[in-house]
Amino acid sequence: MYLTYHCPKCDALNQSPELSEAATLQCGYCDWVRDVPVSVPQDNSPPNQCLRCGNEDLWRQKNFSQAVGLGFVALAALISSIAWMYYRPILAISILMAFAVLDMVLYVVMPDVLVCYRCRTKHHGIDVTGHKAFDHELAEKYRQEEIRLKASQ
């Protein structure tokens, strides 16, 4: 298992080495270092807490960039619009359907990761079947917590 996380000091995106080999997380851009707060599961089982901040609230999501997904949607709209411009409705709808099939294939193929509500750390390379999907109410709780924390500083 490895982590993708933002450094709390400089906000740089970091990726940890395999956690069975490393007991600390460190930023490659500044001097931030932290021990992993909980024990790392040795088998493929998911952790009960975030391995960066120790938070117990985690959700399951697909390991796919939202920017790339939005790029696919924009590209499909652009290409199908060109087909509509030349009065080729069957081609335009076929293009949209092809992108929809590509989206479904990517959804099936892409692995899931666990994400922490508090620090947004992604936990890769584990079985996440026991965790729930995103909960908007819980996310709002952590968003409000972050706002109050920044206001108090």
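> Explain the packing of aromatic side chains here, please?
In this description, an aromatic ring pair is defined by two values, namely the gap between the centres and the angle between the planes. Scanning the model with the defined rule gives 6 aromatic pairs in all. Ring centres 4.9 Å apart and planes at 50 degrees place the aromatic pair Trp 59 and Tyr 117 in the tilted group. Placement of the pair is Trp 59 in strand S5 (residues 58–62) and Tyr 117 in the loop between strand S6 (112–116) and strand S7 (122–124), with a sequence separation of 58 residues. Counting every residue linked through ring pairs, the aromatic cluster contains Trp 59, Tyr 117, Phe 134 and Tyr 142.

> Hey, could you run me through the pattern of salt bridges in this one?
A complete count under the given rule lists 6 salt bridges for this structure. In this structure, Glu 145 and Arg 118 form a salt bridge, with 3.0 Å as the shortest nitrogen-oxygen distance. Remark: Arg 118 occurs in the loop between S6 and S7 and Glu 145 occurs in helix H3 (residues 136–152); sequence separation between them is 27 residues. Judged by its relative accessible area of 40%, Arg 118 falls in the partly exposed class. In this structure, the salt-bridge partner of Glu 140 is Arg 143, at a minimum N-O distance of 2.9 Å. Of the two residues, Glu 140 and Arg 143 both sit in helix H3, 3 residues apart, roughly one turn of that helix.

Cut-offs used in this document
- Residues numbered from 1 in each chain as written.
- Predicted model: local features only at pLDDT ≥ 70, side-chain atom pairs only at ≥ 80, totals over all residues.
- Heavy atoms only, no water.
- Phe/Tyr/Trp six-rings, centres within 6.5 Å; stacked < 30°, edge-to-face > 60°.
- Helix = DSSP H or I, 4+ residues; strand = E, 2+ residues; numbered from the N terminus.
- Salt bridge = Lys/Arg side-chain N within 4 Å of Asp/Glu carboxyl O.
- Buried < 20%, exposed > 50% of the residue type's maximum accessible area, 1.4 Å probe, protein only.

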